[in-house]
Amino acid sequence: MSLQHAHSFRGRGLAEGTRQGASAFPGSLCAVVDTVEHAARTPETTQPWAELGLEADEFQRIRDILGRRPSAAELAMYWVGWCVPCA
């Protein structure tokens, strides 16, 4: 299953934003690629974890595991891995 297809399950997802080019989040027109380095430098960046169906404690667990906020791609991978309908 493609990342874009997996996110269409929820109506919108990270793939929607990245499809436009280099933006990191859905609907974003920002020209910044959300790399691991960028994620480490920008811990305050709001992420669509709730829109992906993750609970606050799950998102915090991801942050604890990584020691920083996840990049957009990492967040998508965790979501796909933890998504019950996708498993």
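Every chain is numbered independently, its residues counted from 1 as its sequence is written. With pLDDT at 70 or above as the cut-off, local features in this predicted model cover only qualifying residues; side-chain atom pairs require 80 or more to be listed or tallied, and sums for whole chains, interfaces and linings still use all residues. Values reported for side chains reflect all heavy atoms of the structure, with hydrogen atoms and water molecules removed beforehand.

Details of the overall build of the protein chain
- Of the regular secondary structure elements, the protein chain holds five helices and zero strands.
- Going from N to C terminus, the protein chain has its helices and strands arranged as α-α-α-α-α.
- Relative accessible area decides the class of each residue, using a 1.4 Å probe on protein chains only: under 20% of the type maximum gives buried, over 50% gives exposed, and in between gives partly exposed. Here the protein chain, with 87 residues, has 34% of them falling under the buried criterion.
- Within the protein chain, contacts between residues at least 6 apart in sequence are counted, and of these 46% link residues at least 24 apart.
- Areas reported here follow the Shrake-Rupley algorithm with a probe of radius 1.4 Å; residue values treat only the protein chains shown as occluding. Within the structure as shown, the protein chain displays about 5100 Å² of accessible surface, and the carbon and sulfur contribution to it stands at 55%. To qualify as a helix, a DSSP run of H or I must reach at least 4 residues; to qualify as a strand, a run of E must reach at least 2; elements of each kind are numbered from the N terminus. In what follows, residue pairs with any heavy atoms lying within 4.5 Å of each other are defined as contacts.

Quick notes on the environment of Glu37
- Topologically, Glu37 is positioned in helix α3 (residues 36–41).
- A relative accessible area of 52% means that Glu37 is categorised as exposed.
- Remark: the alpha-carbon pair of Glu37 and Ser71, spanning 34 residues in sequence, is separated by 8.7 Å.

Points about the side chain of His38
- Position of His38 among the secondary structure elements: in helix α3.
- You can call His38 buried: its relative accessible area is 16%.
- The residues contacting His38, other than those within four sequence positions of it, are Val32, Val33 and Arg69.

Focus: the nonpolar core
- Buried residues of nine kinds, namely Ala, Val, Leu, Ile, Met, Phe, Trp, Tyr and Cys, make up a nonpolar core once their side-chain atoms join them within 4.5 Å. Counting residues in each nonpolar core, the largest one holds seven residues, listed as Leu52, Leu54, Phe59, Ile62, Leu75, Trp79 and Cys83.
- Taken together, the elements giving at least two residues each to this core come down to α4 (56–66) and α5 (72–82).

With respect to the packing of α4 against α5
- Angles here are taken between N-to-C directions and fall from 0 to 180 degrees, while the axes themselves are lines fitted to C-alpha atoms, restricted in helices to the stretch in contact. Direction vectors running N to C along α4 and α5 enclose 125°, while the axes themselves pass 11 Å from each other. As judged from the angle between their axes, α4 and α5 are oblique. Once α4 is placed against α5, the crossing between them reads as right-handed. For the pair α4 and α5, the contacting residues are Glu58, Phe59, Arg61, Ile62, Ile65 and Leu66 in the first and Glu74, Leu75, Tyr78 and Trp82 in the second. For classification purposes, angles smaller than 35 degrees are called roughly parallel, those larger than 145 roughly antiparallel, those between 65 and 115 roughly perpendicular, and all remaining angles oblique. A clockwise turn of the near helix away from the far one marks a right-handed crossing, whereas an anticlockwise turn of less than a right angle marks a left-handed crossing.

Here we look at the packing of aromatic side chains
- By convention, a stacked pair of Phe, Tyr or Trp rings (six-membered ring in the case of Trp) has centres within 6.5 Å and planes under 30 degrees apart, an edge-to-face pair has planes over 60 apart, and any other such pair is tilted. Under the definition given, this model contains one aromatic pair.
- Relative to Phe59, the ring of Trp49 has its centre 5.4 Å away and its plane inclined at 10°; by these criteria the two rings are stacked. Placement of Trp49 in the loop between α3 and α4 and of Phe59 in helix α4 is noted, with a sequence separation of 10 residues between them.
- Classification of Phe59 by relative accessible area gives buried; the value is 9%.

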